[in-house]
Amino acid sequence: MTPAYLAYAPVALGLAAVATPIAIQVARRLDIMDHPDTLLKPHARAMPYLGGVAMGLAWAGAILAATLFSPLKLPPMLGWIVGGGLAIAALGTVDDKKHISPKLRLALSTIIVGGVMVASGAGMQIGQVVAGMVGLDLPIAVAVPLSLGVGVFIVLGACNSTNLIDGLDGLCAGVSCVVCVVYFLLGAALMPQMPGDAAKARLILAAAMTGATGGFLLWNFKPAKIFMGDGGSLLLGFNSGMLMLLFADAPDARWLLGALVIFTLPVFDTALAMFRRWNSGKPIFVGDRSHFYDQLVQRGLTVRQTVLVCYAVTAAFGAIGLIVIWTPPWPALLIFAGVALLTWTLAHAAGMTRGAGE
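Residues numbered from 1 in each chain as written. Predicted model: local features only at pLDDT ≥ 70, side-chain atom pairs only at ≥ 80, totals over all residues. Heavy atoms only, no water.

## Re the overall build of the chain
Phase 1: For the chain, the helix and strand inventory stands at 15 helices and two strands.
Phase 2: By the compact-globule yardstick of 21 Å for 358 residues, the chain fits well, its C-alpha radius of gyration being 19 Å.
Phase 3: Dimensions along the principal axes, computed over C-alpha positions, put the chain at roughly 55 × 50 × 35 Å.
Phase 4: Burial analysis of the chain (358 residues in total) assigns 54% to the buried set.
Phase 5: Considering only residue pairs separated by 6 or more positions, the chain has 76% of its internal contacts joining residues 24 or more positions apart. (Helix = DSSP H or I, 4+ residues; strand = E, 2+ residues; numbered from the N terminus. Rg over C-alpha atoms; globule rule 2.2 N^0.38 Å. Buried < 20%, exposed > 50% of the residue type's maximum accessible area, 1.4 Å probe, protein only. Contact = heavy atoms within 4.5 Å.)

## Digging into the packing of aromatic side chains
Phase 1: The tally for this structure, following the rule as stated, stands at six aromatic pairs.
Phase 2: The interplanar angle of 70° and the centroid separation of 5.7 Å between the aromatic rings of Phe 268 and Phe 292 together place this pair among those described as edge-to-face. In this pair, Phe 268 is assigned in helix H12 (residues 264–279) and Phe 292 in helix H13 (residues 292–298), connecting sequence segments 24 residues apart.
Phase 3: Residue classification places Phe 268 among the buried residues on the basis of a relative accessible area of 9%.
Phase 4: Residue class for Phe 292 comes out buried when judged on its relative accessible area of 11%.
Phase 5: For the ring pair Phe 275 and Trp 278, a centre distance of 5.6 Å and an interplane angle of 45° mean the geometry is tilted. Here Trp 278 and Phe 275 lie together in helix H12, a separation of three residues that amounts to about one turn.
Phase 6: Overall, Phe 275 belongs to the partly exposed group, its relative accessible area being 29%.
Phase 7: On the basis of relative accessibility, which here comes to 56%, the residue Trp 278 falls in the exposed class.
Phase 8: Three or more aromatic residues joined by ring pairs make a cluster, and in this case those are Phe 268, Phe 275, Trp 278, Phe 292 and Trp 344. (Phe/Tyr/Trp six-rings, centres within 6.5 Å; stacked < 30°, edge-to-face > 60°.)

## Some details on the pattern of salt bridges
Phase 1: Counted according to the given criterion, the structure contains two salt bridges.
Phase 2: With its nearest N and O atoms 2.4 Å apart, the salt bridge here joins Asp 95 to Arg 105. Note that Asp 95 is positioned in helix H4 (residues 77–98) and Arg 105 in helix H5 (residues 102–120), a separation of 10 residues in sequence. You'll find Asp 95 and Arg 105 in the same group, each marked buried.
Phase 3: Put simply, Asp 230 and Arg 105 hold a salt bridge, and the shortest N to O gap is 2.8 Å. Of this pair, Asp 230 sits in helix H10 (residues 229–247) while Arg 105 sits in helix H5, and the two are 125 residues apart along the sequence. A single burial state applies to Asp 230 and to Arg 105, both of which are buried. (Salt bridge = Lys/Arg side-chain N within 4 Å of Asp/Glu carboxyl O.)

## Quick look at a nonpolar patch on the surface
Phase 1: A contiguous nonpolar surface patch, about 360 Å² in accessible area, is contributed by Val 18, Ile 22, Val 26 and Leu 30.
Phase 2: Along the chain, Val 26 turns up in helix H2 (residues 8–30). (Patch = residues over 30% accessible without salt bridge, like charges linked within 9 Å, V, L, I, M, F, W, Y side chains within 5 Å. Areas by Shrake-Rupley, 256 points an atom, 1.4 Å probe, with all protein chains shown as cover.)

## What to know about H10
An α-helix turns once every 3.6 residues. As a result, residues three or four positions apart point the same way.
Phase 1: With 19 residues, H10 should reach 27 Å at 1.5 Å per residue; the first-to-last C-alpha distance of 28 Å fits that figure.
Phase 2: For H10, the buried fraction is high: 19 of the 19 residues fall into the buried class. (Expected span 1.5 Å × (residues − 1).)

Set out below in structure tokens:
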């Protein structure tokens, strides 16, 4: 059945390739533009800022088309997840234009993600999965709120990571495209063991977002003609985060650990930037040019070379994530910890963890 789900990708790609130039014109007409500054936005001219809308419509449109015309029986949970994705993309798009306060944005994002989890059931087993790693069997009264808290943290963390990695032409969309390709492979490997609604949702979400990001990249790869804005980066993080929660519904923790390893680059980039800010005595939530990709550019790589390096690193983490699922749970946990430690060690050896001027 995997090829039937793979068909969602070209449909979404075509929709994104057509919707993105329309989004460019609408953004210019409505003056939804990203204006350059001297620090965080060094692009030469104002750029249209509705790429997230184009990706969201392509992502949801491909799933809707499949619902109407495909013989596959789609799971009801998918509707809740798609609705939540569009809601969080809309929140990011409004923030691009109106600048919502961080506290309100966090509160609304939490409500959206928590509501999707409760309504769809996605990730509501993650508390038991985490507890099972240390041999505990939690009562439902504890497992449900734990699952909700951990799940919201994972999805919002993914949203924040994709938002922060959106700093170069083609970077966030391309990294997310690679991540979703590997998530599709991970879902295909899990499907024979768990062929239910969650299995279908995994494959559909991964395939549709692979196509949506691929179609958007036709207009966003350097030199970019449009940016995705927070609406796009939050949507990509939401999609990846929900996929992680869906993998947490697998029989053991290997699948969740594998999904987390696949998403390592965005998380590492976020951790690296925050650590360097803290190490330099700066507020950790104030933006700067200390990200992994910024440092590659500062070391002499071109923007295109940096983006391609990030794609390759993401693919390498993806390969490790796939290896994790073929190992027993405890060795899988050791691999996960080893990847985190090795990544940080290499970054430190390269001087990437030290504060500016050290």
